[in-house]
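Residue-level listing of the chains:
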Amino acid sequence: MELGFIEEMDGIDAAIWIGSPGNSGINALGKILNGSVNPSSRLVDTFATDFTADPSYKNFGDNLSDGGNQYMLGGSGSGYYYVEYEEGIYVGYRYYETKAYDEADFGNDDWYKENVVYPFDYGLSYTTFDWKIADSTDNSVDLTADGEIQVQVKVTNTGSVAGKDVVQLYYTAPYKAGQIEKSYVALGAYEKTALLQPGESDIVMLSLPVESMASYDYDDANHNGHKGYEVEGGNYAIRIGRNAHQCWNDNPLRITYHIPADGFFYDSGVTEGSTVENRFDYISEHFVDEETGVSTLMTREDFRGKTIAAPTAEEREVDADFIQSMTFTYDDENEPYYTEQTYQQGVTADKYIQLYELLQKNEDGKWAADYDDPRWETILDYLTVDKMANMIGTGNFNTAKIDRIGKPATIDPDGPAGFTNFMGDPSVHDTCFYVSECVVGATWNKQLAHDMGVMIGIEGLVGYTNGDGRTYSGWYAPAVNIHRSPFSGRNWEYYSEDPLLTGLMGASVVQGANSKGVYTYVKHFVLNDQETNRDANGLVTWADEQTMREIYLKPFEIIVKQADTKGIMSSFNRIGNVWTGGSYTLLTDVLRKEWGFVGMVITDYSVQNAYMPPNQMIRAGGDLYLTQGYLPSTTGSTVNSTHLAAMRQAVKNILYVVTNSNAMNGKGEGIVYRYAMPYWQIGLIALNVVMWLLVVLIGVIRIRKTKKKHPIQ
């Protein structure tokens, strides 16, 4: 919200932000106001004085009166809309804090106060806390490439009421004008204390891997011959702060660490043999002026002199070839969509391997199917083209049933605030309505986020009690796009303007849901940061590779690597002229190879949108098409061996995820996931049973006494 009025009006000492509090969260508001509950949350965004002054404003939606962001063809609207992330990495506090530091260098110390009402990570409490660094990694020796900075902070409640506190670690990397873009401060770690009584202390550990401070240099801006992730040599300031502004503007808790002059490079992907390298040069080049060769992106080198302008009429005019490039075409020579895999037609057998037969106990004692089990090939051989096409093309909040291999139909509801009865789905009922994701983010409490995921998982196990008793196996959540602008249509559905906070909170929710066998379709992958025109032929999004990797891809990367999500949902929009759900670069090169993702990718909802062809989807690394009914075009206009091989791979991904979910409960040797009833509930049930037995016993005794006093004549 735009809150400049708060400082202009007399008598306002504080404000409470509650977001969307879910089914029952509003009941806590009175307790907060009367002081019986002490709030401990922090903001997930910078609250600015004037949103129209934000660098994203002139490149967002329909903010401009002349219709702003539609491509024009021959002076008329083309039906294709676009958005340019011209502010680069300077999103949210990365812009405001860097700009404030820059203005202070020019003696303009009032700039921040005039432009920011509340900084990112700001929050008040009814008590006070004292912080002291209790211990830290030795800073007298140079850091190593695989090293980690650890800082222990002792937090003491110095007030008169109990409360929790959030401790944040920010870092400042060395910056050289005209080279790799870096914000002045960036969030590196955070932890929340336990509930501390007055006078009580807690020690929290903040850990920051050196690799997490890497910047992505896509054009060798520092002229060292390397393109990719690197931590440059020099001094790195580690700041323990209460918010993004206080951490550098008024903060004594600072430690300086040194990186050797040559720095460190990080080029290896997770999948064996894969490398991290430029994948989106054609997007980055969009921001280079053809005449001058100079980048049009916002640069820290000249925050004062270089401002972002709205697209001009000339810039919006394109030719027919550009519009034609939006349409996917394919032939067997069209890399990278070509595959040399072969396909074997479905076969008939007297007895088929059942999916549950692939489940084996792993080292942790959990039932799981191995993705590399050779029996998958036999199972896939059983399936006809029609069976595969039906499974791929009917992903409407479910995955299809295949009796032949014991594949149950699954229920995969929507909703970042819990399982949602979307579009009147009768199979989803009596489910919880949780707080919105931005409220979950504002808790800065990873354990609480994990607990929410566990509760979602338990609801999944309860499942369709009014129908056939199936579990809820998949969940179209969490959503981890970025609050790029206050005008984003789904900021309630996303966690924050910061990618680390977004990624860690989302990862905690995913781990909780996965623990009960619910697979999560983490969405919307990627650059789905505005609603305006996002499905009008696929909003054309332009962002340089550094911005994509450091800001918008980062939450997804964290969740894939740390939480092992088995599902991803691609987005409506395009990266440049390529639809995200049909981008081999995004879904295969980055997601599957670089990050090591093993699972299924579903599209966003489609009514057979022309720009979202299933043929393109499966060749790119997508698996499931989210549509209402069977989509015959899943098999494509030309069914050849490469297309069928891609279908086969997509079906394997779907089957693998479902087999490792709660959908297999009760199949084969037993239950894979179960709801572990808490001891207190077991105790209450036992007590109820005892009480009823006592009631029955007393009743029997009284009846017998009555019969003795009044025998039947």
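Reading guide: rules and limits
- Each chain carries its own residue numbering, running from 1 in the direction its sequence is written.
- For this predicted model, a pLDDT threshold of at least 70 governs which residues receive local features, and a threshold of 80 or more governs which side-chain atom pairs are given and counted, while totals over whole chains, interfaces and linings are taken from all residues.
- Hydrogens and waters are ignored; side-chain quantities use all the structure's heavy atoms.
- For this text, the term disulfide refers to a pair of cysteine sulfurs within 2.5 Å.
- We define a nonpolar core as any set of buried Ala, Val, Leu, Ile, Met, Phe, Trp, Tyr and Cys residues linked to one another through side-chain atoms lying within 4.5 Å.
- Throughout this description, buried means an accessible area under 20% of the type-specific maximum (1.4 Å probe, protein chains only), exposed means over 50%, and partly exposed covers the range between.
- Strands are runs of DSSP state E lasting at least 2 residues, helices are runs of H or I lasting at least 4, and numbering of each runs from the N terminus.
- It only takes one pair of heavy atoms within 4.5 Å for two residues to be counted as in contact.
- N or O atoms closer than or at 3.5 Å make up a polar contact, with two conditions inside protein: a donor-capable atom paired with an acceptor-capable one, and, for residues adjacent in sequence, both atoms drawn from side chains.
- In the cavity and pocket records, a cavity denotes points on a 1 Å grid over the protein atoms alone where a 1.4 Å probe fits but cannot get out, a pocket denotes an open set with protein on both sides within 12 Å along at least 5 of 7 lines, and lining residues are residues with an atom within 4 Å of a point.
- Grid points are joined across faces, edges and corners, and a volume is the space filled by probe spheres set on the points.
- Gly falls in the polar group here, along with every residue not listed as nonpolar (Ala, Val, Leu, Ile, Met, Phe, Trp, Tyr, Cys, Pro) or charged (Asp, Glu, Lys, Arg).
- We define a salt bridge as a contact between a side-chain nitrogen of Lys or Arg and a carboxyl oxygen of Asp or Glu at a distance within 4 Å.
- Think of a patch as exposed residues, more than 30% relative accessible area, with no salt bridge, where like charges cluster within 9 Å and nonpolar side chains (Val, Leu, Ile, Met, Phe, Trp, Tyr) cluster within 5 Å.
- The Shrake-Rupley method, run with a 1.4 Å probe, gives the accessible areas here. Residue values count only the displayed protein chains as cover.
- Between any two strands, at least two bridges found by DSSP are needed for them to pair.
- To get an axis, a line is fitted to the C-alpha atoms, and for a helix only the part in contact is used. The angle between two axes follows their N-to-C directions and goes from 0 to 180 degrees.
- Any angle from 65 to 115 degrees is called roughly perpendicular, while one under 35 is roughly parallel, one over 145 is roughly antiparallel, and all others are oblique.
- Ring geometry is summarised as follows: Phe, Tyr and Trp rings, the Trp one being its six-membered ring, pair when their centres sit within 6.5 Å, and such pairs are stacked at plane angles under 30 degrees, edge-to-face over 60 and tilted between the two.
- Placement of a positive charge over a ring is assigned whenever Lys NZ or Arg CZ falls within 6 Å of the ring centre and within 35 degrees of the normal to the ring plane.
- Given a helix with a known number of residues, its expected span is that number minus one, times 1.5 Å.

*Asks:* In this structure, what is going on with the state of the cysteines? I would like to understand it.
*Replies:* Covalent bonding between the sulfur atoms of two cysteines defines a disulfide. Within the structure shown, the criterion is met by zero disulfides. With no disulfide of its own, Cys-432 lies closest to Cys-438 among cysteine sulfurs, the gap being 19 Å.

*Asks:* So what exactly am I meant to see when it comes to the nonpolar core here?
*Replies:* Generally speaking, nonpolar side chains in soluble globular proteins are found buried as a group. By size, the foremost hydrophobic cluster in this structure holds 129 residues, and its most contacted members are Val-153, Leu-187, Ile-238, Ile-240, Phe-525, Val-526 and Ile-568. In terms of residue count, the dominant contributor to this core is helix H13 (residues 499–514) (eight residues). Apart from residues no more than four positions distant in its own chain, Val-526 is found in contact with Asn-481, Tyr-552, Leu-553, Phe-556, Ser-571, Asn-573, Ile-575, Thr-580 and Leu-586.

*Asks:* Any chance you could explain the side chain of Gln-70 here in plain terms?
*Replies:* Relative to the helices and strands, Gln-70 is located in strand S2 (residues 70–73). Of the polar contacts made by the side chain of Gln-70, one reaches the backbone nitrogen of Gly-79; its length is 2.9 Å. If we skip the residues at most four places from it in the chain, Gln-70 touches Gly-77, Ser-78, Gly-79, Tyr-80, Tyr-81, Tyr-82 and Arg-316.

*Asks:* Before we go on, may I ask you to explain empty space enclosed by the protein in this structure?
*Replies:* Gaps between atoms show up when a probe of the same size as a water molecule is rolled over them. Scanning all chains against the criterion turns up two cavities of 30 Å³ or more. In this structure, the second largest cavity spans a volume of roughly 40 Å³. Contributing to the lining of the second largest cavity are Asp-54, Pro-55, Ser-56, Glu-87, Tyr-90, Val-91, Gly-92, Tyr-95 and Arg-484. Grouping the amino acids of the lining of the second largest cavity by side-chain chemistry returns four nonpolar, two polar and three charged.

*Asks:* Would you mind going over the pattern of salt bridges with me for this structure?
*Replies:* Proximity of charged atoms lets side chains of opposite charge pair with each other. The tally for this structure, following the rule as stated, stands at 31 salt bridges. Here Lys-566 makes a salt bridge to Asp-564, at a shortest N to O gap of 2.6 Å. Each of the salt bridges in this network shares a partner with another, and the network as a whole consists of Glu-277, Arg-279, Glu-545, Arg-549, Asp-589, Lys-593 and Glu-594.

*Asks:* Is there a simple way to explain a nonpolar patch on the surface in this structure?
*Replies:* Where nonpolar side chains cluster on the molecular surface, the patch consists of Leu-684, Leu-687, Val-690, Met-691, Leu-694, Leu-697, Ile-698 and Ile-701 and spans about 710 Å² of accessible area. Along the chain, the position of Leu-697 falls in helix H19 (residues 679–709). Using a relative accessible area of 48% as the deciding quantity, one classes Leu-697 as partly exposed.

*Asks:* Which parts of the structure should I look at to understand the environment of Thr-706?
*Replies:* One can find Thr-706 in helix H19. Put simply, Thr-706 and Ile-238 are 468 residues apart on the chain and 82 Å apart in space, counted from C-alpha to C-alpha.

*Asks:* Help me out: how do you make sense of the pairing of strand S11 (residues 228–231) in this one?
*Replies:* Regular strands place side chains that alternate from one sheet face to the opposite one. The sheet contact formed by strand S10 (residues 215–217) and S11 spans three bridges and is antiparallel. When the sheet's bridge partners are listed, Ser-215 is paired in S11 with Glu-230. In the sheet, S11 pairs with strand S14 (residues 264–266) via three bridges, with the strands oriented antiparallel. Paired with Val-231 across the bridge in S14 is Phe-264.

*Asks:* Could you clarify how one ought to interpret the packing of helix H14 (residues 545–552) against helix H15 (residues 554–563) in this entry?
*Replies:* H15 packs onto H14 with a crossing angle of 50° between their chain directions and a minimal axis gap of 5 Å. In this view, H14 runs oblique relative to H15, as classed from their interaxial angle. Seen from H14, the contacting residues are Met-548, Arg-549, Glu-550, Ile-551 and Tyr-552; seen from H15, they are Lys-554, Pro-555 and Phe-556. Grouping the constituent residues of the contact of H14 with H15 by class yields five nonpolar, no polar and three charged.

*Asks:* Where do I start with the packing of aromatic side chains in this structure?
*Replies:* In this description, a pair of aromatic rings is defined by centroid distance and the angle of the planes. This model, assessed by the stated rule, comprises 29 aromatic pairs. In this structure, Lys-652 packs its charged tip against the face of Tyr-371, placed 4.0 Å from the ring centre.

*Asks:* Is there a simple way to think about helix H18 (residues 641–659) in this case?
*Replies:* Because the α-helix completes a turn every 3.6 residues, residues three or four places apart line up on one side. In a regular helix each residue adds 1.5 Å, so 19 residues correspond to 27 Å; H18 covers 27 Å between its end C-alpha atoms and thus fits that length. The buried fraction of H18 amounts to 17 of the 19 residues, a majority that puts the element mostly inside the structure.

*Asks:* What am I meant to see in the sheet that holds strand S24 (residues 574–575) here?
*Replies:* Strand pairing in a sheet is mediated by backbone hydrogen bonds. Such pairs are either parallel or antiparallel. Reading across the sheet, the six strands line up as S15-S2-S3-S22-S24-S25 and stay open at both edges, with mixed pairing between neighbours. Of all the strands in the sheet, the pair left with one neighbour each is strand S15 (317–318) and strand S25 (578–579). As judged from the three bridges shared by S2 and strand S3 (residues 76–84), these two strands associate in the antiparallel manner. Directly across from Gln-70, in S3, lies its bridge partner Tyr-81.

These figures capture arrangement, not role.
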